[in-house]
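Architecture and fold: a report
What follows is each chain in one-letter form.
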Amino acid sequence: MTTRTTETSAHWGSYLVEVDEDEAVVGVRPRAGDEASAAMGNVAGAHRHPSRVARPAVRRAWLEDGPGPDPRRGEVGADYVEVDWDTALDLVAGELSRVRSTYGDAAVFGGSYGWGSAGRLHHAQSQVHRFLNDGGGYVRSVNDYSRGASLVLLPHLVGAAAASDVRMKPVSWPQVAEHTDLLVTFGGVRRSNGWVVPGGQTRHVGGALARDAARTTRVVSLSAQRDDAMDGLDAEWVGVMPGTDTAVMLALVHVLVVDGLADEEFLARCTVGADRVRAYVLGETDGVPKTPEWASSISRAPAARIRALAHEMAAGRTLVNVVYALQRGERGEQPVFAGLTLAAFLGQVGLPGGGFTHGLGSMGDYGVGRVGVSLPTFGQGTNPVPDHIPCARIADLLLEPGADLPYNGGSLTLPDVRLAYWAGGNPFHHHQDLKRLQRALARLDTLVVHETHWTATAKHADVVLPVASSLERDDVAAGNGDTRLRASPRAAAPYAEAHEELWIFGRLAERLGWSHDDGLDALGWLERIYDQWRGGGGAPQGAPSFADFWASGGVDLDAPLYDDPVFTAFRADPAAHPLQTPSGLVELWSSSIEAAALPDVGPHAEWREPRRWWGSADAATYDLHLLCNQPTHRLHSQLDMGAASRSTKVAGREPVRLHPDDAAARDLCDGDVVRVVSAVGSLLAGVVVSDALMPGVAQMHTGAWWDPSAPDVADCVHGNVNVLTPDEPTSTLSQATSGAHVLVRVERYDGPLPPVRAHEPPPLLAGWRRDG
């Protein structure tokens, strides 16, 4: 068999793909000397899987009945009619024209939240947003599902520039190795998250840097899961029940205050509001001192360990890390607010290797310590439509047109959207309460989706356009802080009748009266954006021509290590380097949040009992607290049918991990199938028993494809956790997702096992043409 090997790039990194003479992927492997991301193991099995979208397809009911709200949208087994490209493009162009002319440009929503491609050109969001902007604009989404609460909160506390630097210039792993005595991480430091970077990375370096740091730095991981801290850190595990980290942080502050360990000089010089926080943790404002014993009754973390940990943190250089997952819950702003407050009371914010960080273990580029550089960019143009929503409020947008949505101290009026255009994302992975999302999508006149595979989103679309995968197109790739801009040439021909988004939007724009691609193909566009980058001051000195760059496979970037992480200059001289806050200081009492007078977020970090936690009344019915975290063997829901993802399934379903005590109490063992039930929905899962969890905690990964094909058994027979999680915001401040955990009960399922149909295409009717 003759094969060829090509280096390609994905969000999980650069790797080598082997393709045979029939364009089938027959092997993948990491580059020499690099780590193998587990997600890479899904590529071969997914490339030509039967779930690939082969041809343009139109939902039969929409084709026959015309556009309009339809409760049948997403119906299991609904027929789709495969059509030729001209027919599909004419239908989409005609519907866009109808909606804009009848209802206005604010009736179009540009979806595309997701991680479709790592490329700089074939980035689905850039492509669809440019196309919609040129057509008159669209309703957009802001923020993200990963850090939605933090993105809104942190500018109130440290200003916009410092909030950005918390992400782009945090205390790095090399600085931890050199300066930090103790890393206290709330939520652990997961290795699997470190494989992933938006845009990919030349080599996976985060894991090695973290392990190097652990040789000189002691790590304490506070989490409901022991294995939230990667192997090689030798981390001490302190168990903390989900959603209760804020209480532990406040108790640590209490010890610092009561035992005279708080840095009063730093608090007076660099913060405002410390006196009010001090009064709160001492119980002077509400009569409840935030002692370690108080926190232990909430979190189940031992009071003695909390008290001792506070002394250990004050005794040396300490870095407080709060992972992204902690803010994806009810009042998710609070653990971030409390983490920053704790770091401020320690007085080490802005010191080498000390202070506060928010993301070690959450993303592969976080903490590598390199300055991000500009990269080639496919311009999106300007959106003339001002309407927008926080991305996690998509169902609210569609279900409640005209309603006012409180957001970030103000209010947004939700427009009446009639057409949604989605490319490069899968809201049935990111979003919560999938039955509610389905009802929301049913209110649209039309849903257009670009997809490589028949995902749940594609199965809700009225028009599905098949797109080439990242293996099937030429592109360039690099991530934040990357050391090399990489050529990513096409490794295989596009599947069946699939096309690149550039081609699809080019042909649609021709029908609508403008140019999307300026007459250039992908290589022509790559040369254009490369030359613009090379001539615009962002490229390294002496960067080669595009032809030489493409032939050599890439160019090294000037991404030096930085030694001035966020808050360094501010700490040295707050007057000369003020933060962009009303006071110019770190606001432990936020004047802007106080002015907003919100019902659910106060001006300082605080503990308010959640509606859903192990201490609530609901726990009498739903007695396990389910963690819903990122998967280890796929990126989000991508390529769920691949070998690596399938290798983790139990009885063909997503696994649920249970502590041995909880499994024994339910007479369950490894391999059993269970129904997991919340107040919102139900699913089937396969049991894995593990002592890496606290008793009372269960855990499932997100990303299993939704399978509602047996509703008499469960809302998803494959194990998509988003049927369990409520579609409720973190707060009225950020309106972010709260889907990281939920109360559930777990019960044995002994009935006939329904087949898993998540990876099957819908019924496809061939041969239909406009002439009948």
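Everything below is about the structure shown above.
1. A few points about the sheet that holds strand S3 (residues 25-30)
- One open sheet holds the three strands; their spatial order is S1-S2-S3, and the pairing between them is antiparallel. The strands lining the two open edges of the sheet, one partner per strand, are strand S1 (3-10) and S3. Along the sheet, successive strands turn relative to each other by an average axial angle of 25°, direction set aside.

2. Observations regarding the side chain of Arg52
- Position of Arg52 among the secondary structure elements: in the loop between helix H1 (43-47) and strand S4 (57-59).
- There is a polar contact of 2.7 Å between the side chain of Arg52 and the backbone oxygen of His47.
- Contact partners of Arg52, with chain neighbours within four places excluded, come to Ala46, His47, Thr452, His453, Trp454, Val467, Ser469, Glu472, Tyr495 and Ala498.

3. Some words on the nonpolar core
- The biggest cluster of nonpolar side chains holds 166 residues, and the ones touching the most others in it are Phe186 and Phe345.
- Among the elements that line this core, the one with the most residues is helix H9 (residues 245-258), at 10 residues.
- In contact with Phe345, other than residues within four places in its own chain, are Val253, Leu256, Val257, Leu261, Ala262, Asp263, Leu267, Ala274, Val277, Arg278 and Leu588.
- In this structure, Val81, Leu89, Val99 and Val108 belong to the second largest nonpolar core, which totals 29 residues.

4. Overview of the packing of aromatic side chains
- Throughout the structure, instances matching the rule amount to 17 aromatic pairs.
- Where Tyr530 meets Phe549, the ring centres are 4.7 Å apart and the plane angle is 25°; that geometry is what we call stacked. With Tyr530 in helix H19 (residues 522-535) and Phe549 in helix H20 (residues 546-552), this residue pair connects regions lying 19 residues apart in the sequence. Of the two residues examined, Tyr530 and Phe549, each falls in the buried class.
- Note that Lys290 overlies the ring of Trp294, its terminal NZ or CZ placed 5.9 Å from the centroid.
- Across the ring face of Trp525, the terminal group of Arg528 is positioned such that the distance to the ring centre comes to 4.5 Å.

5. Here's the deal with the packing of helix H5 (residues 148-158) against helix H6 (residues 160-168)
- Between H5 and H6, the least distance of the axes is 7 Å, while the angle of their chain directions is 125°. Considering their axes alone, H5 and H6 lie oblique with respect to each other. Both H5 and H6 take part in a crossing whose hand is right-handed. Taken together, the residues of H6 that come into contact with H5 (itself represented by Leu154, Pro155 and Val158) are Ala160, Ala162, Ala163 and Val166.
- Class assignment of the residues belonging to the contact of H5 with H6 gives a composition of seven nonpolar, no polar and no charged.

6. A short note on the pattern of salt bridges
- Taken as a whole and judged by the stated rule, the model has 63 salt bridges.
- Salt-bridge contacts for Arg305 lead to Glu236; the nearest nitrogen and oxygen are separated by 2.6 Å. In this pair, Arg305 is assigned in helix H13 (residues 303-315) and Glu236 in strand S10 (residues 236-239), connecting sequence segments 69 residues apart.
- Residue Arg305 is classed as buried on the basis of its relative accessible area of 17%.
- Between Asp623 and Arg666 there is a salt bridge, and its shortest N-O distance comes to 2.8 Å. Within this pair, whereas Asp623 is found in the loop between helix H22 (591-596) and strand S24 (624-629), its partner Arg666 is found in the loop between helix H24 (660-665) and strand S26 (673-677), the two being separated by 43 residues in sequence.

7. Here we look at the packing of H5 against helix H14 (residues 333-346)
- Axis separation between H5 and H14 bottoms out at 9 Å; the angle between their running directions is 35°. Where H5 crosses over H14, the two elements pack in a sense that is right-handed. Here Ala149, Ser150, Leu153, Leu154, Leu157 and Val158 of H5 lie close against H14, whose contacting residues are Glu333, Val336, Phe337 and Leu340.

8. What about the pairing of strand S19 (residues 463-466)?
- Residues Val463 and Leu465 of S19 are buried on one face, and the alternating residues Val464 and Pro466, pointing to the opposite face, are buried as well.
- The sheet contact formed by strand S18 (residues 446-451) and S19 spans four bridges and is parallel. Bridging from a neighbouring strand, Val448 pairs with Val463 of S19.

9. So, the state of the cysteines
- Taken as a whole and assessed by the stated rule, the structure comprises zero disulfides.
- The cysteine Cys628 is free of any disulfide, with Cys716 supplying the nearest cysteine sulfur at 13 Å.
- We classify Cys628 as buried; its relative accessible area is 7%.

10. Side note on unusual backbone geometry
- One non-glycine residue with positive phi stands out, namely His636, at about 50°.
- Within the element layout of this structure, His636 appears in the loop between S24 and helix H23 (643-646).
- With phi around 55°, Gln735 is a residue other than glycine that occupies positive phi space.
- Mapped onto the secondary structure, Gln735 falls in the loop between strand S28 (697-701) and strand S29 (741-748).
- Residue Gln735 is classed as buried on the basis of its relative accessible area of 3%.

11. Quick notes on the environment of Gln348
- As for its position among the elements, Gln348 is in the loop between H14 and strand S13 (355-357).
- With 371 residues separating them in the primary sequence, Gln348 and Gly719 have C-alpha atoms 44 Å apart.
- Each residue touching Gln348, except ones within four places of it in the same chain, is listed here: Met313, Gly316, Arg317, Thr318, Ala343, Gly354, Gly355 and Arg571.

12. As for H13
- The end-to-end C-alpha separation of H13 is 19 Å, in line with the 18 Å expected for 13 residues at 1.5 Å each.
- Considered for burial, the residues of H13 that qualify are Ala303, Arg305, Ile306, Leu309, Ala310 and Met313. Taken end-on, H13 shows its buried residues confined to a sector of 155°, consistent with a single buried face. Along H13, exposed side chains directed more than 90 degrees from the buried face belong to Ala304 and Ala315.

13. Quick word on H5
- Across the 11 residues of H5, nine count as buried, placing the element largely inside the fold.
- Along H5, the positions that sit buried rather than exposed are Gly148, Ala149, Ser150, Val152, Leu153, Leu154, His156, Leu157 and Val158.
- Considering only its buried residues, H5 is in contact with H6, H14, strand S15 (404-407), strand S23 (586-587) and H22.
- Where H5 terminates, the next one or two residues include Gly159, which has phi positive at roughly 90°.

Criteria and thresholds
- Residues numbered from 1 in each chain as written.
- Predicted model: local features only at pLDDT ≥ 70, side-chain atom pairs only at ≥ 80, totals over all residues.
- Heavy atoms only, no water.
- Pairing = 2+ DSSP bridges.
- Helix = DSSP H or I, 4+ residues; strand = E, 2+ residues; numbered from the N terminus.
- Axes fitted to C-alpha atoms, helices over the stretch in contact; angles between N-to-C directions.
- Polar contact = N/O pair within 3.5 Å; in protein donor to acceptor, adjacent residues only side chain to side chain.
- Contact = heavy atoms within 4.5 Å.
- Core = buried A, V, L, I, M, F, W, Y, C linked by side-chain atoms within 4.5 Å.
- Buried < 20%, exposed > 50% of the residue type's maximum accessible area, 1.4 Å probe, protein only.
- Phe/Tyr/Trp six-rings, centres within 6.5 Å; stacked < 30°, edge-to-face > 60°.
- Lys NZ or Arg CZ within 6 Å of the ring centre and 35° of its normal.
- Parallel < 35°, antiparallel > 145°, perpendicular 65-115°, else oblique.
- Left-handed = near helix turned anticlockwise from the far one by under 90°.
- Nonpolar A, V, L, I, M, F, W, Y, C, P; charged D, E, K, R; others polar.
- Salt bridge = Lys/Arg side-chain N within 4 Å of Asp/Glu carboxyl O.
- Disulfide = S-S within 2.5 Å.
- Expected span 1.5 Å × (residues − 1).
- Arc of directions from axis to C-beta.

Nothing here speaks to function; it is all geometry.
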